[in-house]
Amino acid sequence: MAVDAARSDEGFTSERAAWVMRAACRSAGLDDGSAELIRFGENALFRLASAPVVVRVARGEEWLPKARIEVAVSRWLAGEGFPGARILDDLEQPRVVDGHPVTFWHLIREGDRKATYGELGGILRDLHSMTLPAGVAFPSFDPFGKQELRIGRAPIPEDDRAFLRKRWAELRDQFEELSFETPKGPVHGDAHVQNLMVDERGQVILIDFEAFCFDHPEWDLMVTATEHHSLRWQTDEQYADFVRAYGRDLYDWPGYDTLRRLQEFGMTTWLMQNVREDERTAAEYRRRVSALRNDDAPRDWRPW
């Protein structure tokens, strides 16, 4: 597809994503009029006004394999009757628009409450007990691939970039020493409570499959464990509900501290991609990278 002169060449911004979304909708025969940006993070998510559809725009062509995984996971979960986000089956997916993979999803109409940590623990327990379909190759969990891209491209000071590359190498060494005792299986890869939605019928639905993989379940448990034990984002009661529903507290595992460092590192590099969006994002990035420089410093990070 030809490049529109109105688009920005200065990286992936919300304006750039909106241009890609409009072009993708035109190619799919969908009306993009009055589409609303509902999330701008690793991807940009737009809700169409003309149909109950969410359009997901990825940052670049390097994310195409992940978009293909999202499509495959959605179809597999649908076939199993598992409560997961559903793609539009009548469209070829993913589509690539000027180097950006785009996928189209059925809108989940939210109810009047948010998912609980107990529900997160329960849905992860159910997911981890499933058997992946034959003939579909899912990758292993990779805590480093996206980080390298992010560090190289993010608009951050060069001394931060040098520090993050050094920390990246240190974490790789620590990762190599990990010893898992659990069998591999389906892993969501980004299992925080914001990746659960409760629809208007009260059903809890798992979303966001781009990091889905075949690996050890600890990778899913590290997210909430870090948010609680390091960042204190949940109350003791909320975390206890999560542990009770899943049946395990990762904090008791010897490898927790390495996974905690990996999780904090990923949370920082995820946010730093968008520091040009507004000063609030830039300030939170500075807070996080400052804390990474001192492993004993308190993590007064804000949920994002």
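Just so it is clear, the model here is predicted, and its values are computed rather than measured. (Residues numbered from 1 in each chain as written. Predicted model: local features only at pLDDT ≥ 70, side-chain atom pairs only at ≥ 80, totals over all residues. Heavy atoms only, no water.)

Looking only at helices and strands, one finds nine helices and nine strands in the protein. In terms of C-alpha radius of gyration, the protein reaches 19 Å, essentially the compact-globule figure of 19 Å for 304 residues. With respect to the three principal axes, the spread of C-alpha positions in the protein is 50 × 45 × 40 Å. Out of the 304 residues in the protein, the part that is buried amounts to 54%. (Helix = DSSP H or I, 4+ residues; strand = E, 2+ residues; numbered from the N terminus. Rg over C-alpha atoms; globule rule 2.2 N^0.38 Å. Buried < 20%, exposed > 50% of the residue type's maximum accessible area, 1.4 Å probe, protein only.)

Moving on: empty space enclosed by the protein. Inspection of every chain in the model, using the stated rule, returns one cavity of 30 Å³ or more. Of the voids in this model, the largest cavity is the one considered here, and its volume is about 50 Å³. Around the largest cavity, the lining residues are Asn43, Arg56, Val57, Ala58, Trp63, Lys66, Ala67, Glu70, Pro101, Val102, Thr103 and Glu210. Considering only residue class, the lining of the largest cavity consists of six nonpolar, two polar and four charged. (1 Å grid on protein atoms, 1.4 Å probe; cavity = no way out; pocket = protein on both sides within 12 Å on 5 of 7 lines; lining within 4 Å. Points joined across faces, edges and corners; volume = space filled by probe spheres on them. Nonpolar A, V, L, I, M, F, W, Y, C, P; charged D, E, K, R; others polar.)

Before going further, it helps to spend a moment on the sheet that holds strand β1 (residues 36-40). Note: strands within a sheet are paired through backbone hydrogen bonds, in either parallel or antiparallel orientation. The strand order across the open sheet built from five strands is β1-β2-β3-β5-β4, with neighbouring strands paired in antiparallel fashion. Here the strands that pair on one side only, and so sit at the sheet edges, are β1 and β4 (95-97). Ignoring strand direction, the axes of neighbouring strands in this sheet form an average angle of 30 degrees. Pairing geometry for strand β3 (residues 53-57) and strand β5 (residues 100-106), over five bridges, is antiparallel. (Pairing = 2+ DSSP bridges. Axes fitted to C-alpha atoms, helices over the stretch in contact; angles between N-to-C directions.)

Roughly 320 Å³ of volume is contained in the second largest pocket. Residue lining of the second largest pocket: 18 residues in total, with Gly11, Phe12, Arg59, Arg153 and Gln273 positioned closest to the centre. For the lining of the second largest pocket, the per-class residue count stands at six nonpolar, five polar and seven charged.

This part covers the side chain of Gln147. Along the chain, Gln147 falls in helix α4 (residues 145-153). A distance of 3.3 Å separates the side chain of Gln147 from the backbone oxygen of Pro143, its partner in a polar contact. For Gln147, the residues in contact, after removing those within four places along its chain, are Trp168, Phe265, Gly266 and Thr269. (Polar contact = N/O pair within 3.5 Å; in protein donor to acceptor, adjacent residues only side chain to side chain. Contact = heavy atoms within 4.5 Å.)

Once that is clear, we can look at the packing of helix α5 (residues 158-176) against helix α9 (residues 279-292). One can describe the packing of α5 onto α9 by two numbers: an axis separation of 11 Å at closest approach and a directional angle of 50 degrees. With respect to their mutual orientation, α5 and α9 come out oblique. Between α5 and α9 lies a crossing of left-handed hand. Taking contact as the criterion, the partners of Asp160, Phe163, Leu164 and Arg167 in α5 are, on α9, Tyr285, Val289 and Leu292. (Parallel < 35°, antiparallel > 145°, perpendicular 65-115°, else oblique. Left-handed = near helix turned anticlockwise from the far one by under 90°.)

Now for the environment of Phe212. Turning to its location among the elements, Phe212 is positioned in the loop between β8 (204-206) and β9 (213-215). Setting aside chain neighbours within four positions, we find Phe212 in contact with Ile69, Val73, Trp76, Leu127, Leu132, Phe138, Pro139, Pro186, Val187 and His188.

Relative to the assigned elements, His128 resides in helix α3 (residues 117-128). Sequence separation between His128 and Asp159 is 31 residues, and the spatial gap between their C-alpha atoms is 40 Å. Non-local contacts of His128, meaning those with residues more than four positions away in its chain, are made with Pro186, Val187, Pro217, Asp220 and Tyr246. Side-chain polar atoms of His128 contact the side chain of Asp220, separated by 2.7 Å.

It is worth spelling out helix α1 (residues 14-28) at this point. The end-to-end C-alpha distance of α1, which contains 15 residues, comes to 21 Å, matching closely the 21 Å that a straight helix rising 1.5 Å per residue would cover. With eleven of its 15 residues buried, α1 lies for the most part within the structure. Looking at the packing, one finds that the buried side of α1 touches β1, β2 (44-47), β3, β4 and β5. (Expected span 1.5 Å × (residues − 1).)

The next thing to look at is the nonpolar core. Soluble globular proteins: nonpolar side chains tend toward being buried together. With 71 residues, the main nonpolar core has Leu164 and Phe212 as its most contacted residues. Among the elements that line this core, the one with the most residues is helix α8 (residues 256-272), at eight residues. Core analysis: the next-biggest nonpolar cluster, separate from the first, contains 22 residues, Ala24, Phe40, Phe46 and Val57 among them. (Core = buried A, V, L, I, M, F, W, Y, C linked by side-chain atoms within 4.5 Å.)

So, on to the side chain of Arg150. The topology assignment puts Arg150 in helix α4. Judged by its relative accessible area of 6%, Arg150 is buried. A polar contact of 3.2 Å, which involves the side chain of Arg150, links it to the side chain of Gln147. If we skip the residues at most four places from it in the chain, Arg150 touches Glu42, Gly266, Thr269, Trp270, Met272 and Gln273.

Once that is clear, we can look at the packing of aromatic side chains. Summed over the entire model, instances satisfying the criterion amount to twelve aromatic pairs. Chaining the aromatic ring pairs together yields one cluster made of Phe141, Phe144, Trp168, Phe175, Phe180, Trp219 and Trp253. Between Arg280 and the ring centre of Trp304, over which it is positioned, the NZ or CZ distance is 4.1 Å. Its guanidinium or amino end placed over the ring of Phe163, Arg293 lies 4.5 Å from that ring's centre, counting from NZ or CZ. (Phe/Tyr/Trp six-rings, centres within 6.5 Å; stacked < 30°, edge-to-face > 60°. Lys NZ or Arg CZ within 6 Å of the ring centre and 35° of its normal.)

These results come straight from atomic positions and should not be treated as a statement about function.
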